[in-house]
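A closer look at the structure
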Amino acid sequence: MKIDGDKATFLKETIERWEREGLLSKDKAAELQNSFSVKGFDWQKLAQYAIYISLACGVFALGSLLLDKQLSRLLASLYNTPNIVIALISLALASYFLWIGNKRRKNKAQQIFSNEAMLLAGVLLIANALAYFGKTVNKDSENYALLFLIAVPIYGFLGFYFRSKLIWCFALFSLGAWFGTETSYLSRANFYFLGMNFPLRFVCFGALLIAIAKFKKWSPPLQTFQKATYFIGMFYGFSALWLLSIFGNFGRIDDWYKVSQLSLYPWALLSVVICIITGYLGFKFKDEMAREFGATFLIINLYTRFFEYFWDSWHKAVFFSVLALSFWLVGRKAETIWNLEFLKEQSAKKSNDEF
């Protein structure tokens, strides 16, 4: 069995300690020592991160080119091209990348991340095509919500057709963009929609996606995307909940500046309580995603409160000392939990092997 280096070191030290304490015979200890080896370098993760970084660098390179003054003048001379032509070119390129990405998934299935990168390029070009199509159809409109709404069924169909969770997530992000843009357009008079500011709206939006994802009767063809929908719902909901704990239900930033952070304590308390409840339900019902979101955003909320309430009042040496100590304690506790989980897994595996 191949395991990570840290786990191998911990297991080796544990076996040696048990041997010294007489809990294991020398032969049994040697057998256990030979039952595992250190896992090699994770090339798959390196490939994944390298391709993601490559895409990000490509975006930055494009941005740098667009900021170049000489190139900007050249592009300005070329931008007499009608918007509809640019939209059609983008759509043609998107079709090519989607086609080649799908073909590679069949012929080079092992190159998972390269194939997904091709599909991602197609998705981004579709977004560009929709943007220029919108400029062609209604160039004077201030409401771009319809473009995001059009993207939802397009991405949804492509995600279903290619069985791509990545494209499905883009459909859900487009749906969120439509929701935010449409409600902002409708509420531009007072920045509130049905009495809710922007973060509170997305708490409700995220909760709706979570409810849809937890609905049991998903049709078999769509069950592939159930977990992805659950993740996006959690992401929307908890990110918005964290922002709500900072800004409260204020629509204008000027109004928020006039109040103290202590006056927003009820929103902060609500956020912490929801994180605790989510984490507890995750542990109780063995819902790993709920457990991780609850625990992660509970820590984020607690540290946010620490910065809000003590940054100005405490000496910075004391502030960072307490911060360092707290992170050390969190790390030690996480390490203890990891060790217990790891030993539990090994014990269960050993019992299964003996059985």
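In what follows, the accompanying structure is described. Since the model is a prediction, treat every value here as computed from it, not as a measurement.

Scanning the protein chain for helices and strands turns up 14 helices and two strands. Evaluated residue by residue, the protein chain yields a buried proportion of 31% over its 355 residues. When the accessible area of the protein chain is evaluated, it comes to approximately 23000 Å², of which 67% is carbon and sulfur surface.

Formed by 27 residues in total, the largest nonpolar core has its most connected members in Y230, M234 and F238. Mapped by element, the contributors of at least two residues to this core are α8 (165-186), α9 (198-214), α10 (226-247) and α13 (288-310). Here this core takes nine residues from α10, the largest share from any one element. Leaving out residues up to four positions away in the same chain, M234 has contacts with I210, S239, T278, A290 and F293. Residues A94, L98, L119 and Y155 belong to the second largest nonpolar core, which totals 13 residues.

Our next topic: the packing of α10 against helix α12 (residues 265-284). Between α10 and α12, whose axes approach to 7 Å, the crossing angle comes to 150 degrees. One finds that α10 runs roughly antiparallel with respect to α12. Crossing of α10 against α12: the hand is left-handed. Where α10 abuts α12, its residues M234, F238, L241, W242, L244 and S245 lie against W267, A268, S271, I274, C275 and T278.

With that out of the way, let us pick up the environment of Y132. Locating Y132 in the fold gives a position in helix α6 (residues 112-137). A sequence separation of 47 residues divides Y132 from V85, and the C-alpha atoms of the two residues are 8.7 Å apart.

Take unusual backbone geometry next. Unusually for a residue other than glycine, R163 sits at a positive phi of about 55 degrees. Structurally, R163 can be placed in the loop between α7 (145-162) and α8. At K286, a position not held by glycine, the phi torsion is positive, near 55 degrees. Its place among the elements puts K286 in the loop between α12 and α13. Judged by its relative accessible area of 77%, K286 falls in the exposed class.

A few words now on the packing of aromatic side chains. Taken as a whole and judged by the stated rule, the model has 18 aromatic pairs. Positioned over the ring face of Y230 is K214, at 4.8 Å from the centre of the ring. Across the ring face of F283, the terminal group of R291 is positioned such that the distance to the ring centre comes to 5.1 Å.

It is worth spelling out the side chain of T183 at this point. Its place among the elements puts T183 in helix α8. Reaching out from T183, the side chain makes a polar contact with the side chain of R201 at a distance of 2.9 Å. When near neighbours in sequence (up to four residues on either side) are disregarded, T183 contacts F193 and R201.

Side chains that carry opposite charge are capable of pairing whenever their charged atoms lie near each other. Throughout the structure, instances matching the rule amount to one salt bridge. Among the ionic pairs, D287 bridges to K214, the shortest N-O distance being 3.3 Å. Separated by 73 residues along the polypeptide, D287 in the loop between α12 and α13 and K214 in helix α9 bring together distant segments of the chain.

Next up on the list: the packing of α10 against α13. Relative placement of two packed helices is described by the angle separating their axes and the distance separating the axes. Axis separation between α10 and α13 bottoms out at 11 Å; the angle between their running directions is 15 degrees. The angle between α10 and α13 places the two elements in the roughly parallel class. Considering how the two elements wind past one another, α10 and α13 form a crossing that is right-handed. Listed contacts from α13 to K227, Y230, F231, M234, F235, F238, S239, W242, S245 and I246 of α10 are M289, A290, F293, F297, I300, N301, T304, R305 and E308. Residue composition of the contact of α10 with α13, grouped by class: 12 nonpolar, four polar and three charged.

Rules used throughout
- Residues numbered from 1 in each chain as written.
- Predicted model: local features only at pLDDT ≥ 70, side-chain atom pairs only at ≥ 80, totals over all residues.
- Heavy atoms only, no water.
- Helix = DSSP H or I, 4+ residues; strand = E, 2+ residues; numbered from the N terminus.
- Buried < 20%, exposed > 50% of the residue type's maximum accessible area, 1.4 Å probe, protein only.
- Areas by Shrake-Rupley, 256 points an atom, 1.4 Å probe, with all protein chains shown as cover.
- Core = buried A, V, L, I, M, F, W, Y, C linked by side-chain atoms within 4.5 Å.
- Contact = heavy atoms within 4.5 Å.
- Axes fitted to C-alpha atoms, helices over the stretch in contact; angles between N-to-C directions.
- Parallel < 35°, antiparallel > 145°, perpendicular 65-115°, else oblique.
- Left-handed = near helix turned anticlockwise from the far one by under 90°.
- Phe/Tyr/Trp six-rings, centres within 6.5 Å; stacked < 30°, edge-to-face > 60°.
- Lys NZ or Arg CZ within 6 Å of the ring centre and 35° of its normal.
- Polar contact = N/O pair within 3.5 Å; in protein donor to acceptor, adjacent residues only side chain to side chain.
- Salt bridge = Lys/Arg side-chain N within 4 Å of Asp/Glu carboxyl O.
- Nonpolar A, V, L, I, M, F, W, Y, C, P; charged D, E, K, R; others polar.

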